[in-house]
Amino acid sequence: MQSSAEATATVMGYAEETHGVSHHEEHPDHRIFGILMFLIAESMIFLGLFAAYLTFKLTSPDWQPEGTELELLLPGINTIILISSSFVIHKAGDAIKNKGDEKGLRLWFGITALMGAVFLIGQLYEYFHLSFGLTDNVFASTFYVLTGFHGLHVLFGLVLILGVLWRSRVSGHYSQESHFGVEAAEIYWHFVDVVWIVLFTLLYIL
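Residues numbered from 1 in each chain as written. Predicted model: local features only at pLDDT ≥ 70, side-chain atom pairs only at ≥ 80, totals over all residues. Heavy atoms only, no water.

For the rest of this paragraph, the subject is the packing of aromatic side chains. Within the structure shown, the criterion is met by 17 aromatic pairs. Here the aromatic rings of Trp 196 and Phe 200 are separated by 6.3 Å at their centres, their planes lie at 40°, and the arrangement is tilted. Here Trp 196 and its partner Phe 200 are both found in helix 6 (residues 180-205), four residues apart, which amounts to about one turn of the helix. Where Phe 200 meets Tyr 204, the ring centres are 5.1 Å apart and the plane angle is 25°; that geometry is what we call stacked. Of this pair, Phe 200 and Tyr 204 both sit in helix 6, four residues apart, which is roughly one turn of the helix. Exposure remark for Phe 200: the relative accessible area of 13% places this residue in the buried category. (Phe/Tyr/Trp six-rings, centres within 6.5 Å; stacked < 30°, edge-to-face > 60°. Helix = DSSP H or I, 4+ residues; strand = E, 2+ residues; numbered from the N terminus. Buried < 20%, exposed > 50% of the residue type's maximum accessible area, 1.4 Å probe, protein only.)

Shown next as structure tokens:
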């Protein structure tokens, strides 16, 4: 005859089997939420810089003095390259998340990395050919701070993309079920692109 303890254990075991209760429930994945919170914090920094730029522009009596004119051709080409790279990296994410296509992931991430590198090279080329320096005036200082800070974010995004490419060399590291690194890099890259659109409009258009 079963003791009360054995009977209780039997009942509990039956209940767990019947209702699918598990003592080792998987914790929810909050990593993407963490990425989004990080990007919101970064957005606040950029908003502060944009606000400072607009304040200087509206209050400075000698804003953008002679000799600080900006050419549109190279930055315009750079803008097209960076915006286009958002569509390219999206194809990479789609390849692995919806199709499990590791080759497609590597191809499109590789192209995105190349486009990001071209953007940075174009920005450096512009710096070396500008007629003004960092400390020449308020406009020059804000220009270099804004574009340089954004360029630093592009460089970090490029490192993320190259990190994904390096890890993807191991077959099965990224799959339809496991692709956090890919998704995080894609979200970050879209953020960098959106910030550049705002920055380009402020500096080169308005």
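Here the narrative resumes, following the displayed structure.
With that out of the way, let us pick up the side chain of His 179. Note that His 179 resides in the loop between helix 5 (138-167) and helix 6. Polar contacts involving the side chain of His 179 include one to the main-chain carbonyl oxygen of Ser 175, which spans 3.0 Å. (Polar contact = N/O pair within 3.5 Å; in protein donor to acceptor, adjacent residues only side chain to side chain.)

Moving on, we get to the pattern of salt bridges. As enumerated under the stated definition, the model contains two salt bridges in all. Put simply, Asp 94 and Lys 99 hold a salt bridge, and the shortest N to O gap is 3.8 Å. The partly exposed category is assigned to Asp 94, whose relative accessible area is 25%. Linking Lys 97 and Glu 186 is a salt bridge whose minimum nitrogen-to-oxygen distance equals 3.6 Å. Of this pair, Lys 97 sits in helix 3 (residues 73-99) while Glu 186 sits in helix 6, placing them 89 residues apart in sequence. Relative accessible area serves as the criterion here: at 26%, Lys 97 is assigned to the partly exposed category. (Salt bridge = Lys/Arg side-chain N within 4 Å of Asp/Glu carboxyl O.)

Within the secondary structure, Gly 151 sits in helix 5. Measuring from C-alpha to C-alpha, the distance between Gly 151 and Leu 124 comes to 9.4 Å, with 27 residues separating the pair along the chain. Setting aside residues up to four positions removed in sequence, Gly 151 forms contacts with Leu 120 and Gln 123. (Contact = heavy atoms within 4.5 Å.)

Here we take up the side chain of Ser 85. Along the chain, Ser 85 turns up in helix 3. Given a relative accessible area of 0%, Ser 85 falls into the buried group. Contacts of Ser 85, omitting those with residues within four sequence positions, involve Thr 112, Met 115, Trp 189 and Asp 193.

On to the layout of surface pockets, then. There is about 230 Å³ of room inside the largest pocket. Along the wall of the largest pocket there are 14 residues; nearest its centre are Leu 160, Phe 180, Gly 181, Ala 184 and Ala 185. When contributions to the lining of the largest pocket are tallied by element, the ones reaching two or more residues are helix 2 (31-59), helix 5 and helix 6. Each residue belonging to the lining of the largest pocket can be placed in one class, and the counts come to ten nonpolar, three polar and one charged. Within this model, the second largest pocket holds a volume of roughly 200 Å³. For the lining of the second largest pocket, the secondary-structure elements that each account for two or more residues are helix 3 and helix 4 (102-129). Considering only residue class, the lining of the second largest pocket consists of seven nonpolar, two polar and three charged. (1 Å grid on protein atoms, 1.4 Å probe; cavity = no way out; pocket = protein on both sides within 12 Å on 5 of 7 lines; lining within 4 Å. Points joined across faces, edges and corners; volume = space filled by probe spheres on them. Nonpolar A, V, L, I, M, F, W, Y, C, P; charged D, E, K, R; others polar.)

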